[in-house]
Amino acid sequence: MTTTFITGANKSLGYETARRLIEAGHTVLVGARDPERGKAAAGALGARFVQIDVTDDASVAAAAADVGAREGGIDVLINNAGVLGTHNPADQITAADASAVFEVNVVGIVRVTHAFLPLLRKSASPVIVNVSSGMGSFAATHDAERVEGRVIAPLYTSSKTAVTMLTTQYAKSWPDVKVNAADPGYTATDFNGHSGPQTVTEGTDAIVELATIGAGGPTGTFRDRHGEMPW
């Protein structure tokens, strides 16, 4: 039985990823900051809720301790929690705005991964999936034919660039762990007012694929539902 922990799993991509992995036979732990929403999501999915605020050291440590005590370890960690941040134009973006976005999207991944790595290493085939974005791809954001090339969001895009680089550096650092980044693509979620052309199921294709790669799968890659993404 594969045990998977997902942050930000109470809605949208995280929830759908949880649903699909449960369907595939995983034991899924629904990580969420809000206890009420997290418990409701876990109840609907038939999963266990674990409270976690990725911006808080104590919360993350408590979540890891809880999982260690109850499950003993995990096989897959999906760092899904993320925020879009301010919609202000670039000349109005402040340092506080930047800190708020990077604290969740980048530092949060470091915080959670550090706390859960000992639990992952109890698995015979440990896997980490970091949910990044094509919005963080230099190639995609410089291609006027792609939607990523037509959107200006300095903090979100740069934070996702950092997520992808962090992923490749972790993959080089830990040969015993498969670490990959997933680009959901332009998916109808709360992030974009449900304007994306992809369904939430399509948006989780790459995440689910990378969460189920097994011992012979790739590491240090950046993929969307169609294959390798340009950097």
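Residues numbered from 1 in each chain as written. Predicted model: local features only at pLDDT ≥ 70, side-chain atom pairs only at ≥ 80, totals over all residues. Heavy atoms only, no water.

Draft legend 1. Region of interest: the packing of aromatic side chains. Counted by the stated rule, this structure contains three aromatic pairs. Note on Tyr 170 and Trp 174: the rings are 4.3 Å apart at their centroids and 15° apart in plane angle, and the pair reads as stacked. Each member of the pair, Tyr 170 as well as Trp 174, is classed as buried. Seen from their ring centres, Phe 222 and Trp 231 are 5.6 Å apart, and the 45° between their planes marks the pair as tilted. (Phe/Tyr/Trp six-rings, centres within 6.5 Å; stacked < 30°, edge-to-face > 60°. Buried < 20%, exposed > 50% of the residue type's maximum accessible area, 1.4 Å probe, protein only.)

Draft legend 2. Focus on helix α3 (residues 57-70). For α3, built from 14 residues, the straight-helix expectation of 20 Å at 1.5 Å per residue is met to within 8% by its first-to-last C-alpha distance of 20 Å. Listed as buried for α3 are Ser 59, Val 60, Ala 63, Ala 64 and Val 67. What you see down the axis of α3 is that its buried residues fit within an arc of 135°, all on one side. Turned more than 90 degrees away from the buried face of α3 sit Asp 57, Ala 58 and Ala 69, all of them exposed. (Helix = DSSP H or I, 4+ residues; strand = E, 2+ residues; numbered from the N terminus. Expected span 1.5 Å × (residues − 1). Arc of directions from axis to C-beta.)

Draft legend 3. View of the packing of helix α1 (residues 12-23) against helix α2 (residues 35-45). Packing of α1 against α2 leaves a shortest axis separation of 10 Å and a crossing angle of 30°. The angle between the axes of α1 and α2 places the two elements in the roughly parallel class. Relative to α2, the crossing made by α1 is right-handed. Touching Tyr 15, Ala 18, Arg 19 and Ile 22 of α1 are Ala 41, Ala 44 and Leu 45, all from α2. A breakdown of the residues in the contact of α1 with α2 according to their chemical character gives six nonpolar, no polar and one charged. (Axes fitted to C-alpha atoms, helices over the stretch in contact; angles between N-to-C directions. Parallel < 35°, antiparallel > 145°, perpendicular 65-115°, else oblique. Left-handed = near helix turned anticlockwise from the far one by under 90°. Contact = heavy atoms within 4.5 Å. Nonpolar A, V, L, I, M, F, W, Y, C, P; charged D, E, K, R; others polar.)

Draft legend 4. View of the pairing of strand β5 (residues 127-131). With five of its five residues buried, β5 lies for the most part within the structure. Judged by which residues are buried, β5 turns out to be covered on both faces: Val 127, Val 129 and Val 131 on one side and Ile 128 and Asn 130 on the other are all buried. Bridge count for strand β4 (residues 76-79) against β5 is four bridges, and the pairing is parallel. Residue pairing for β5: Asn 79 is matched across the bridge by Asn 130. What joins β4 to β5 is helix α4 (residues 95-120), and the crossover it makes is right-handed. (Pairing = 2+ DSSP bridges. Right-handed = clockwise from strand over helix to strand, strands pointing away.)

Draft legend 5. Summary view of the packing of α4 against helix α6 (residues 154-173). Running from N to C, α4 and α6 cross one another at 20°; their axes reach a closest spacing of 9 Å. Viewed along their axes, α4 and α6 adopt a mutual orientation that is roughly parallel. Classified by chirality, the crossing of α6 by α4 is right-handed. Two secondary-structure elements touch here, α4 through Asp 97, Ala 98, Val 101, Phe 102, Asn 105, Val 106, Ile 109, Val 110 and Thr 113 and α6 through Leu 155, Tyr 156, Ser 158, Ser 159, Lys 160, Ala 162, Val 163, Leu 166 and Tyr 170. Its residues assigned to classes, the contact of α4 with α6 comprises 12 nonpolar, four polar and two charged.

Draft legend 6. Molecular detail of the nonpolar core. In terms of nonpolar packing, the biggest core is built from 28 residues, with Phe 5, Val 67, Ile 74, Leu 77 and Phe 116 touching the most fellow members. For this core, the element with the highest residue contribution is α4, accounting for eight residues. Counting residues in each nonpolar core, the second largest holds 22 residues, with Ala 9, Ala 42, Val 129 and Val 131 among its members. (Core = buried A, V, L, I, M, F, W, Y, C linked by side-chain atoms within 4.5 Å.)

Draft legend 7. Molecular detail of the sheet that holds strand β2 (residues 27-32). Within the open sheet, the eight strands sit side by side as β3-β2-β1-β4-β5-β6-β7-β8. Their pairing is mixed. Of all the strands in the sheet, the pair left with one neighbour each is β3 (48-51) and β8 (227-228). Strands in contact with α1 are β1 (3-6), β2 and β4; relative to β1, the strand with the most contacts, it is inclined by about 175°.

Draft legend 8. Region of interest: the side chain of Asn 180. Looking at where Asn 180 falls in the secondary structure, it is placed in strand β6 (residues 178-182). Among the polar contacts made by the side chain of Asn 180, one reaches the side chain of Thr 221 at a distance of 2.5 Å. Setting aside its immediate chain neighbours within four residues, Asn 180 contacts Ile 128, Val 129, Asn 130, Thr 167, Leu 210, Ile 213, Pro 218, Thr 219, Gly 220 and Thr 221. (Polar contact = N/O pair within 3.5 Å; in protein donor to acceptor, adjacent residues only side chain to side chain.)

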